[in-house]
Amino acid sequence: MSDPDRVIVTGAGGVSNRIEINDFVKIEDKFSLYIQALSVMSKESQEDPISHFQIGGIHGLPYTQWQGAGGKDQVEGSQWGGYCTHGSVLFPTWHRPYIVLYEASLLQRHASEIAKTYKVDQQRWLTAAETLRAPYWDWATNTVPPPEVISLTTVNIITPDGKTTAVANPLLQYTFNPIDKSFFGRFSDWKTTLRRPDSDAPDATSNVEALRDELGFAQEQVTSDTYYLLTRVRTWPAFSNHTPGDGGSSSNSLEAIHDKIHDFVGGRGHMGDPAVAGFDPIFYLHHANVDHLLSLWSAINPDVWVTPGPAEKGTWTIPSNVDIDANTNLTPFWNTQIGFWASAGTTRTEELGYSYPEFSGLDLGNADAVQAAIANYINQQYGGGSVFGTFPGAPTTSFAAQPAAVPESAQAPLAQSVPNSIQDWTVRIRFKKYELGTSFAVLIFLGEVPTDAAQWRTSPNFVGSHHAFVNGAADQCANCRNQADVESEGFVHIDAAIARLSNLRSFEPGVISPYLKKNLYWRIQAADRTSVEVDRLPSLEVTVSSTQLTQEPNANFPAAGRPHYYHDITHDLPGGARLAA
């Protein structure tokens, strides 16, 4: 039976662009309405189904039914009490109606009402409210968010009386009222969301300086990860999630990059744990960008969408390891009084009331024209126009080619050099996601590693990482360990770092292989930035490969060959390649 008060997820009405946060904060009317709407939403009763707390709680804690989706208790056989679908083919599409719900609640319930209270030039404010959409934080372009997001305790806005007024900044943190009884450990003591705190103490605070420094040092790897995701990944399993799948690429998935941002922002704070990440206001800027990248990738790959796969550990409504696909219900997001959104119905953002600026003016019915325009945007925004041009100091002409893929244990000799090609040297990282029972990262270095683990992420020799975004609640960790064999896979592209840190002028295997044997190191780091001994993660396998990239005339992107693995580079080290050659 339907609930007459059930929240139906629809777009905000009409089609307007979501705007990148660095540009958004400069748009006086929209930013003013957004801040006021978010402030109202954040102060609403935590019992209100479209309050900030309730919408944030859909993702993880307090592990309760929302709007009648599923049963009163978690479905039997699930290892995860939230609704979110991490580690599965539904990861990108589940978050699409989630952000639309947040967007519509922010707009339809608050911004429009606030706009009506403006006495001067009211039509301007009504129009601003009508076209207001959730901003996104394009961390592939700017890993450090603007001060309005991470440091300013007050922001200046135009209030309904027409005056410029300093108001409390609701983007900085969310205040719990009360702290929910379901919260565990340190989260049961913190009255507000925290980012990158230095301790678990009840009086801990966000460490903005460390957050800014670590994110700044991560820019090169995040931009590289994003470029390769958009230009080299061609299958849905390889694109959608961090579980090793069909071997569709030697580049990171969308979820793997997403996990990295959660860890960098959160650390031991709320964004670093999926159980409580949804309460931090920056979560929605982050996930709007995840959706932005989904839109870009879909434009490049218009014939690819959700393919069947396992549900990994499941959700509140989905048992673990059942088969899921494009028609699986994206609970708890109702699209009618009796039915839910499914991935098959989320392919066109325009039908959900939003788009992104780079699609403006394009004929969306002409897939080839859209593909060409978005490819150009990707090259200019994330790749400098050519992947070869992204590597300062690196050669841009012929390099040794790699053979077609063969089993890692029996690879053919390297082929001869090919014009207009370059080798993409990559470190592949695999581990069992739940082996440590908490969030952690494997960090890759070229050269000396600082002795102090707190300095690892700001070392000039730190070149990339792969992250496990894991629920730290003791009971949920026990459940996760029931899924002990669930693996996570990530990649660190190191050409730019080699060019920056070495005096080498070639990516030839005969040059790079001995360099990496001497200079490649890795460390395991917990979310609190402490060191973890390698023997605590026995599943870890770090392997080096190179992939030939060839720039064909008139091609949108370099064509990638299949990777050639150099097991001997890491085989003799703890956590290195299992195979010797």
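Scroll up to find the structure this text is about.
Everything numeric in this text was worked out from a predicted model, so none of it was measured. (Residues numbered from 1 in each chain as written. Predicted model: local features only at pLDDT ≥ 70, side-chain atom pairs only at ≥ 80, totals over all residues. Heavy atoms only, no water.)

> Just to check I follow, could you spell out unusual backbone geometry for this structure?
Generally, phi is negative for residues other than glycine and the peptide bonds are trans, each holding for most cases. Looking along the chain, the bond that leaves Asn 177 and enters Pro 178 is cis, with omega of 5°. Relative to the helices and strands, Pro 178 is located in the loop between strand E3 (164–168) and helix H7 (208–217). Of note, the amide linkage connecting Thr 331 to Pro 332 takes the cis form, showing an omega dihedral of 10°. Looking at the element boundaries, Pro 332 is found in strand E6 (residues 329–334). For Gln 67, which is not glycine, the phi dihedral falls at a positive 55°. Looking at the element boundaries, Gln 67 is found in the loop between helix H3 (52–59) and helix H4 (91–115). Of note in this structure, Asp 121 is not a glycine but carries a positive phi near 50°. Relative to the elements of secondary structure, Asp 121 occurs in the loop between H4 and helix H5 (122–131). Overall, the relative accessible area of 47% leaves Asp 121 in the partly exposed class. (Helix = DSSP H or I, 4+ residues; strand = E, 2+ residues; numbered from the N terminus. Buried < 20%, exposed > 50% of the residue type's maximum accessible area, 1.4 Å probe, protein only.)

> So what exactly am I meant to see when it comes to the packing of aromatic side chains here?
Given two aromatic rings, one states the distance between the centres and the angle between the planes to describe the pair. Applying the stated criterion across every chain, the model contains 31 aromatic pairs. Between Phe 24 and Phe 31, the aromatic rings sit 6.3 Å apart at their centres with planes inclined by 80°, giving edge-to-face as the arrangement. Taken as a pair, Phe 24 and Phe 31 share a single burial class, namely buried. Between Phe 431 and Phe 440, the aromatic rings sit 4.8 Å apart at their centres with planes inclined by 50°, giving tilted as the arrangement. Phe 431 sits in the buried class, given a relative accessible area of 0%. A relative accessible area of 1% places Phe 440 in the buried class. A cation over an aromatic ring shows up here: Arg 18 above the ring of Tyr 354, its NZ or CZ 3.5 Å from the ring centre. Lying over the aromatic face of Phe 264, Arg 457 brings its terminal NZ or CZ to 4.8 Å of the ring centre. (Phe/Tyr/Trp six-rings, centres within 6.5 Å; stacked < 30°, edge-to-face > 60°. Lys NZ or Arg CZ within 6 Å of the ring centre and 35° of its normal.)

> Just to check I follow, could you spell out the sheet that holds strand E13 (residues 462–468) for this structure?
Think of a sheet as strands paired side by side through backbone hydrogen bonds, with each pair either parallel or antiparallel. Spatial strand order, E13-E12-E15-E16: four strands in an open sheet with antiparallel pairing. Single-partner strands in this sheet number two, and they are E13 and strand E16 (531–532). Packed on one face of the sheet, helix H15 (residues 509–519) meets strand E12 (440–446) and strand E15 (520–526) and runs near 45° to E15. (Pairing = 2+ DSSP bridges. Contact = heavy atoms within 4.5 Å. Axes fitted to C-alpha atoms, helices over the stretch in contact; angles between N-to-C directions.)

> What is the right way to look at the packing of helix H8 (residues 219–232) against helix H10 (residues 254–266) in this model?
Each pair of packed helices can be summarised by the angle the axes make with each other and by the distance between the axes. Running from N to C, H8 and H10 point in directions that differ by 160°, and their axes come no closer than 10 Å. As far as their axial angle goes, H10 and H8 are roughly antiparallel. Here H8 runs over H10; the crossing is left-handed. Contacts between H8 and H10 involve Gln 221, Val 222, Asp 225, Thr 226 and Leu 229 on the former and, on the latter, Leu 254, Ile 257, Lys 260, Ile 261 and Phe 264. The class makeup of the residues in the contact of H8 with H10 is six nonpolar, two polar and two charged. (Parallel < 35°, antiparallel > 145°, perpendicular 65-115°, else oblique. Left-handed = near helix turned anticlockwise from the far one by under 90°. Nonpolar A, V, L, I, M, F, W, Y, C, P; charged D, E, K, R; others polar.)

> Honestly, the pairing of E3 in this entry has me stumped. Any pointers?
Both faces of the sheet carry side chains from a regular strand, because those side chains alternate between them. Pairing geometry for strand E2 (residues 154–158) and E3, over five bridges, is antiparallel. What sits directly across from Ile 157, in E3, is Thr 165.

> What exactly am I supposed to notice about the layout of surface pockets here?
Using a probe with the size of a water molecule, rolled over the atoms, empty space left in the structure can be pinpointed. Each pocket or cavity is described by its volume, and for the second largest pocket that value is around 450 Å³. In terms of residue count, the dominant contributor to the lining of the second largest pocket is helix H11 (residues 282–300) (four residues). Considered class by class, the residues forming the lining of the second largest pocket number nine nonpolar, seven polar and four charged. (1 Å grid on protein atoms, 1.4 Å probe; cavity = no way out; pocket = protein on both sides within 12 Å on 5 of 7 lines; lining within 4 Å. Points joined across faces, edges and corners; volume = space filled by probe spheres on them.)

> Would you explain the side chain of Asp 259 in this entry?
When you line up the elements, Asp 259 lands in helix H10. The buried charged residue Asp 259 lacks any salt bridge partner; its closest oppositely charged side chain belongs to Lys 433, at an N-O distance of 5.8 Å. Residues in contact with Asp 259, not counting those within four places in the same chain, are His 242, His 467 and Phe 469. (Lys, Arg positive; Asp, Glu negative; His and termini not counted. Salt bridge = Lys/Arg side-chain N within 4 Å of Asp/Glu carboxyl O.)

> Is there a simple way to explain the environment of Gly 13 in this structure?
Mapped onto the secondary structure, Gly 13 falls in the segment before strand E1 (16–17). Separated by 143 residues in the primary sequence, Gly 13 and Asn 156 have C-alpha atoms spaced 28 Å apart. With residues up to four places along the chain from it excluded, the contact list for Gly 13 reads Gln 108, Glu 130 and Arg 133.

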